[in-house]
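# Coordinate inspection notes
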Amino acid sequence: MAQFIIPFTLSLLTTLSLTSPATGTFWKSANTSPFNLGAEKLSHFQFYWHDIQSGSNPTSISIVKPPPTISSSTGFGTVNMIDDLLTERPENKSRILGRAQGFYGLSSQEELGLLMVMNFVFITGRYNGSTLTVLGRNPVMQKVREMPVIGGTGLFRFARGYVQASTYSLNMQTGDAVIKYHVYVLHY
Ligand SMILES: *[C@@H]1O[C@H](CO)[C@@H](O)[C@H](O)[C@H]1NC(C)=O
Ligand SMILES: *[C@@H]1O[C@H](CO)[C@@H](O)[C@H](O)[C@H]1NC(C)=O
């Protein structure tokens, strides 16, 4: 594999460096002024994330099960697709701020550990329509789990930061969980 990738990458780099300055058709240095880039600011958001697996309208559904021949006490290999509500308060009737769309997979053989890949899509206030992307490791039994914010769209263009997630409530029978999220994000 490596033998293939390295020459391929090298040939790609050589091709790019040979062709881009000469033709200039697909790359140029962009002017920052239309982006209205002022000083970078730090925003802090706080909301509750509702992962509902029970009932007739679950927002978190199992889409991949591990092979039946593999028995793992940590659910290693399971994947859920989510469209979870983000609310202002922990109650599910509380004001909806947005949704968390994406998936998480159980990616640890030793503990309950998730790989989380999700977009926070805000639907209220000035951030309506803007998104933040979180991709990280979530060892769910730990009190506070930190994951990176790796980017964003709309008012969150060029965003970077991190989230801290902590469990507010968990129903062991149904798997339904309410998680408190603090989000710290640098953006323009
Ligand atoms: C909302 O929360 C209440 C109280 O915890 C619960 O009985 C109800 O099933 C929840 N509704 C939904 C749609 O999850
Ligand atoms: C959010 O944006 C959508 C699409 O532009 C719009 O339909 C909706 O009314 C907006 N919601 C709020 C609360 O501003």
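Because the structure is predicted, anything quoted here is derived from the model rather than measured.

## Quick word on the packing of aromatic side chains
For the structure on display, the rule yields 14 aromatic pairs. Taking 5.2 Å as the distance between ring centres and 80 degrees as the angle between the ring planes, the aromatic pair formed by Phe 45 and Tyr 127 counts as edge-to-face. Of this pair, Phe 45 sits in strand β1 (residues 41-51) while Tyr 127 sits in the loop between β5 (113-122) and β6 (131-139); the two residues are 82 residues apart in sequence, bridging distant segments of the chain. Residue Tyr 127 is classed as buried on the basis of its relative accessible area of 12%. Aromatic side chains Phe 122 and Phe 156 sit 5.8 Å apart centroid to centroid with 50 degrees between the ring planes, which places their arrangement in the tilted category. With Phe 122 in strand β5 and Phe 156 in the loop between β7 (145-153) and β8 (160-170), this residue pair connects regions lying 34 residues apart in the sequence. Taken together, the ring pairs connect Phe 45, Phe 47, Trp 49, Tyr 104, Phe 120, Phe 122, Tyr 127, Phe 156 and Tyr 181 into an aromatic cluster. Of note, Arg 126 hangs over the ring of Tyr 127, and the distance from its end group to the ring centre comes to 5.2 Å.

## Observations concerning unusual backbone geometry
For Phe 158, which is not glycine, the phi dihedral falls at a positive 70 degrees. Tracing the chain through its elements places Phe 158 in the loop between β7 and β8.

## Side note on the nonpolar core
Grouped together as the largest cluster of nonpolar side chains are 28 residues, with contacts concentrated most on Phe 47, Trp 49, Met 118, Phe 120, Leu 132, Tyr 181 and Val 183. Elements with a contribution of two residues or more to this core: β1, β3 (79-87), β4 (96-106), β5, β6, β7, β8 and β9 (177-187). Once you skip the residues sitting within four places of it in the chain, Leu 132 turns out to touch Met 118, Asn 119, Phe 120, Phe 122, Val 149, Gly 151, Gly 152, Phe 156, Ala 159, Val 183 and Val 185.

## Remarks on the pattern of salt bridges
Taken as a whole and judged by the stated rule, the model has four salt bridges. We note a salt bridge from Arg 137 to Glu 111, for which the minimum N-O separation is 2.8 Å. Remark: Glu 111 occurs in the loop between β4 and β5 and Arg 137 occurs in strand β6; sequence separation between them is 26 residues. Exposure remark for Glu 111: the relative accessible area of 29% places this residue in the partly exposed category.

## Some words on the pairing of β8
By the bridge criterion, five bridges tie β7 to β8 in an arrangement that is antiparallel. By the bridge assignment, Val 149 is partnered in β8 with Gly 161. As defined by bridge partners, β8 adjoins β9 across 10 bridges and the pair is classed as antiparallel. Along β9, the bridge assignment pairs Ala 165 with Tyr 181. Taking the residues between adjacent antiparallel strands as the criterion, β8 and β9 are bridged by six residues, where Gly 175 takes a positive phi near 85 degrees.

## Let's talk about the pairing of β5
For a regular strand, the rule is simple: side chains alternate between the two faces of the sheet. Sheet analysis places β4 next to β5, joined by nine bridges and oriented antiparallel. Across the sheet, residue Arg 99 finds its bridge partner in β5, namely Val 121. In this structure, the hairpin formed by β4 and β5 is closed by a connection of six residues. The pairing of β5 with β6 spans nine bridges and is classified as antiparallel. Paired with Leu 115 across the two strands is Arg 137, which belongs to β6.

## Describing a nonpolar patch on the surface
A grouping of Ile 61, Ile 63, Val 64, Met 81 and Phe 103 is seen on the molecular surface, where their side chains present a nonpolar patch of about 400 Å² in accessible area. Element by element, the count of residues in the nonpolar patch is highest for strand β2 (residues 60-64), at three residues. In this structure, Val 64 sits in strand β2. Take Val 64: its relative accessible area is 35%, and that puts it in the partly exposed class.

Basis of the calculations
- Residues numbered from 1 in each chain as written.
- Chains lettered and ligands numbered in written order.
- Predicted model: local features only at pLDDT ≥ 70, side-chain atom pairs only at ≥ 80, totals over all residues.
- Heavy atoms only, no water.
- Phe/Tyr/Trp six-rings, centres within 6.5 Å; stacked < 30°, edge-to-face > 60°.
- Helix = DSSP H or I, 4+ residues; strand = E, 2+ residues; numbered from the N terminus.
- Buried < 20%, exposed > 50% of the residue type's maximum accessible area, 1.4 Å probe, protein only.
- Lys NZ or Arg CZ within 6 Å of the ring centre and 35° of its normal.
- Core = buried A, V, L, I, M, F, W, Y, C linked by side-chain atoms within 4.5 Å.
- Contact = heavy atoms within 4.5 Å.
- Salt bridge = Lys/Arg side-chain N within 4 Å of Asp/Glu carboxyl O.
- Pairing = 2+ DSSP bridges.
- Patch = residues over 30% accessible without salt bridge, like charges linked within 9 Å, V, L, I, M, F, W, Y side chains within 5 Å.
- Areas by Shrake-Rupley, 256 points an atom, 1.4 Å probe, with all protein chains shown as cover.

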